[in-house]
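# Tertiary structure, described
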Amino acid sequence: MNTKYIFVTGGVASSLGKGIIAASLAKLLQARGLRVTIQKFDPYLNIDPGTLNPYEHGECYVTEDGAETDLDLGHYERFLGVYTSQANNVTTGRIYNTVITKEREGAYLGKTVQIVPHITDEIKRRMLLLGKTGDYDVIITEVGGTVGDIESLPFVEAMRQLQWELPEEDFLSIHLTLVPYLRSAKELKTKPTQHSVQELQSIGVHPDIIVCRTEKRLTPEIRSKIARFCNVKPGHVIQSVDAWSIYQVPLNMEAEKLDEMVVNKLGIHGLPKADLTRLKEFLFRLRHPKTEVDIALVGKYAELQDAYKSIQESFVHAGAANECKVHVHTVHAEHIHDDNAEDLLGRMDGILVAPGFGERGLEGKISAVRYAREHGIPFFGICLGMQMAVVEFARNVLGYAEAASTEVNPRTPYPVIDLMEEQKSLTMKGGTMRLGAYPCHLVPGSLAHDIYGRDDISERHRHRYEFNNRFLAQMEKAGLKVSGRNPDTDLVEIVELPSHPFFIAVQFHPELKSTPERPQPIFVRFVRAAMERRNGR
Ligand code: GLN
């Protein structure tokens, strides 16, 4: 069988959940025995989202191979349980960078370098790249942005060309739109969908399937009206009604026969029905919690859900594993001080201090750590959260009042968190952090070892600063134990407080590898510790 290419575009509005629809379709095809991957093409000029503020674009998701990518790749990995890589996220910036570098090298000598064909050729090359590895039967490409935007036009043009260049049964196009419900008229409105499809067709791309995001169910009349005006087969207009959980969407898409339509159009025959047993088991546990806990997520991007997407999702997975509803309360780090920590955090069953960069909210994070440490509240620090746990310990236990990370105070006499050696000579900011998967050796007898149940683990990283081993002996003597280290460099990866009911902080990002079917073990145990604390109260 040839590799099949499915393209997902979006219209009418952004944030309709193209990534979730793409991931849901991928899940269904995978559950029918196909090898599937998803890639995302993003229409901005940054080479990757690593240099973007989470307020602009949500969390930056890091892959095993150290690519800083769009948060939709997190959804892909969580839905499919397979790793993505650098090749799965391409931006306009990366495309132009390649073409302009080639131009300087003389690859197009004598030619005028243009958007069509040079940029579009490079887009097409990247769109087909993962298919050439032979590792996949189906490549789903999510085209970022909204059809009609200037930015995404070259992507759609590349799709248009591929529509004719690929064999007909190897190409399929899905368009996701919004069918809004007008409360005053008590009516679902199809006009925005018609316009969006017209826009797509005016560029020359013909959708095979239209998925309509809607808060009310579509009637058969609405479906046939959309089919008629948008020039698709009557059965090929399907609904995606707002779901109670994103993990329910694959089942909703199966009920709409999305996978059936797709395999038929692509000429793939003889596949079994999708086996979604494990997803259904997960959803059952998620839907029927026996207990609940309140967890504070202390960070500076509190206003934006997407800024801590993978952490939020990890709590969904860990909650289901414990049959516990986890209420995650984002607490603005800037609002926390030693004297109001009780008010803001006192009724929490667990406190997580989030990753981050820069000075804003740091003192609040330190106060949150202190409150958790002194009151025996289950504590979990991630990356910057771990660094602040170390600073807090140095200040309030060792008595080094000026202890700091050199990220914010380069002249501190107690640089307990300091720039990594290999970072000192770097001047470029993009893609130069310690990124991707690194091994970590766990100390037998530690909490970390007990949680993972093995000696060696691998987790993903995204940071420049690290625990300064110069202070290690004093810290350990005062009760802060290092329980995980990089076996090659001796970098400290995990610290814990054995005297505390549950206090663990990690330099890596465990949230990036949690999936519904394989919840991340630290999150699972943290939720359990929170449940125990709540029971004990
Ligand atoms: N700003 C810190 C560093 O660069 C922590 C990064 C993070 O939390 N991801 O080391």
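Since this is a predicted model, take the numbers as computed values, not measurements.

Let us look at the overall build of the protein chain. Assigned secondary structure in the protein chain consists of 18 helices and 23 strands. Expected size for 537 residues packed as a compact globule is a radius of gyration near 24 Å; at 25 Å, the protein chain falls within 12% of this value. Expressed as lengths along the three principal axes of its C-alpha atoms, the size of the protein chain is roughly 70 × 65 × 45 Å. Within the protein chain, the proportion of its 537 residues that are buried is 59%. Of all intrachain contacts in the protein chain linking residues separated by at least 6 positions in sequence, the fraction that spans at least 24 positions is 74%.

We now examine the site of the ligand. As a structural note, the neighbourhood of the ligand is formed by Pro355, Gly356, Phe357, Cys383, Leu384, Gln387, Glu407, Arg462, His463, Arg464, Tyr465 and His509. A distance of 3.0 Å is found between an oxygen atom of the ligand and a backbone nitrogen or oxygen belonging to Arg464. A distance of 3.2 Å separates a nitrogen atom of the ligand from a polar side-chain atom of His509. In the complex, 99% of the free accessible area of the ligand, which totals 300 Å², lies under the protein chains. A class-by-class count of the residues in the shell around the ligand yields 5 nonpolar, 4 polar and 3 charged.

A few words now on the packing of helix H5 (residues 115-129) against helix H6 (residues 153-165). Angle between the axes and distance between the axes are the two parameters that describe a pair of packed helices. Across the interface, H5 lies against H6 with an axial gap of 9 Å and an inter-helix angle of 70°. In this view, H5 runs roughly perpendicular relative to H6, as classed from their interaxial angle. For the pair formed by H5 and H6, the contact residues are Ile115, Val116, Thr120, Asp121, Ile123, Lys124, Met127 and Leu128 on the first element and Pro154, Phe155, Glu157, Ala158, Gln161, Leu162 and Glu165 on the second. Here the residues of the contact of H5 with H6 sort into 9 nonpolar, 2 polar and 4 charged.

Glancing now at the pairing of strand S6 (residues 138-143). With 6 of 6 residues buried, S6 is to be regarded as a mostly interior element. Because side chains alternate across S6, one face comprises the buried residues Val138, Ile140 and Glu142, and the other comprises Ile139, Thr141 and Val143, equally buried. Sheet topology places strand S1 (residues 4-10) next to S6; 5 bridges connect them, and they run parallel. Note on S6: the bridge partner recorded for Val8 is Glu142. Relative to S6, strand S2 (residues 36-42) is paired through 6 bridges, and the arrangement is parallel.

In this structure, Ile6, Leu29, Ile140, Ile174, Ile209 and Val262 are the most contacted members of the largest nonpolar core, which totals 47 residues. Here this core takes 9 residues from helix H1 (residues 18-31), the largest share from any one element. If sequence neighbours within four positions are ignored, Ile174 has contacts with Ile6, Phe7, Val8, Thr9, Leu25, Ile209, Val211, Leu258 and Val262. Counting residues in hydrophobic clusters, the runner-up holds 42 residues, among them Leu345, Ala394, Tyr400 and Met475.

Another aspect to go through is the packing of helix H7 (residues 191-203) against helix H8 (residues 220-230). Two elements in contact, H7 and H8, have axes whose closest approach is 10 Å; the angle formed by their N-to-C orientations is 25°. Put simply, H7 runs roughly parallel to H8. Judged by the sense of rotation from one axis to the other, the crossing of H7 with H8 is right-handed. Residue-level inspection shows Thr193, Gln194, Val197 and Gln201 of H7 in contact with H8, the latter providing Lys225, Ile226, Phe229 and Cys230. Along the lines of polarity and charge, the residues of the contact of H7 with H8 split into 4 nonpolar, 3 polar and 1 charged.

What follows concerns the pattern of salt bridges. On inspection of all chains with the given rule, the structure shows 38 salt bridges. In this structure, Glu323 and Lys290 form a salt bridge, with 2.9 Å as the shortest nitrogen-oxygen distance. Taken together, the residues Glu323 in the loop between helix H12 (309-321) and strand S13 (324-332) and Lys290 in the loop between helix H11 (277-287) and strand S12 (291-299) connect sequence positions 33 residues apart. By sharing partners, the salt bridges in this structure join Lys40, Asp42, Asp70, Asp72 and Glu142 into a single network.

Let's shift gears to the packing of aromatic side chains. Working definition: an aromatic ring pair is given by the centre-to-centre distance plus the angle between the planes. In the structure shown here, the tally under the stated rule is 13 aromatic pairs. Ring geometry for Phe315 against Phe526: centres 6.1 Å apart, planes inclined by 45°, an arrangement best described as tilted. Placement of the pair is Phe315 in helix H12 and Phe526 in helix H18 (residues 521-536), with a sequence separation of 211 residues. You can call Phe315 buried: its relative accessible area is 2%. Taking relative accessible area as the criterion, Phe526 reaches 0% and is therefore assigned buried.

This part covers the environment of Lys429. With respect to the helices and strands, the residue Lys429 is situated in the loop between strand S17 (415-419) and strand S18 (434-442). We classify Lys429 as exposed; its relative accessible area is 60%.

Attention shifts here to the sheet that holds strand S5 (residues 89-91). Read from one edge of the open sheet, 7 strands run S5-S2-S6-S1-S7-S10-S11, paired in parallel fashion. At either margin of the open sheet sits one strand with a lone partner, and together these are S5 and strand S11 (237-241). Going across the sheet, the axis of each strand differs from the next one's by a mean of 20°, ignoring polarity. Of the strands in this sheet, S1, S2, S6 and strand S7 (171-178) are in contact with H6, which crosses S7 at around 140°. Contacting strand S10 (209-214) and S11, H8 runs over the sheet at an angle of about 130° to S11.

What counts as what
- Residues numbered from 1 in each chain as written.
- Predicted model: local features only at pLDDT ≥ 70, side-chain atom pairs only at ≥ 80, totals over all residues.
- Heavy atoms only, no water.
- Helix = DSSP H or I, 4+ residues; strand = E, 2+ residues; numbered from the N terminus.
- Rg over C-alpha atoms; globule rule 2.2 N^0.38 Å.
- Buried < 20%, exposed > 50% of the residue type's maximum accessible area, 1.4 Å probe, protein only.
- Contact = heavy atoms within 4.5 Å.
- Near = heavy atom within 4 Å.
- Polar contact = N/O pair within 3.5 Å; in protein donor to acceptor, adjacent residues only side chain to side chain.
- Areas by Shrake-Rupley, 256 points an atom, 1.4 Å probe, with all protein chains shown as cover.
- Nonpolar A, V, L, I, M, F, W, Y, C, P; charged D, E, K, R; others polar.
- Axes fitted to C-alpha atoms, helices over the stretch in contact; angles between N-to-C directions.
- Parallel < 35°, antiparallel > 145°, perpendicular 65-115°, else oblique.
- Pairing = 2+ DSSP bridges.
- Core = buried A, V, L, I, M, F, W, Y, C linked by side-chain atoms within 4.5 Å.
- Left-handed = near helix turned anticlockwise from the far one by under 90°.
- Salt bridge = Lys/Arg side-chain N within 4 Å of Asp/Glu carboxyl O.
- Phe/Tyr/Trp six-rings, centres within 6.5 Å; stacked < 30°, edge-to-face > 60°.

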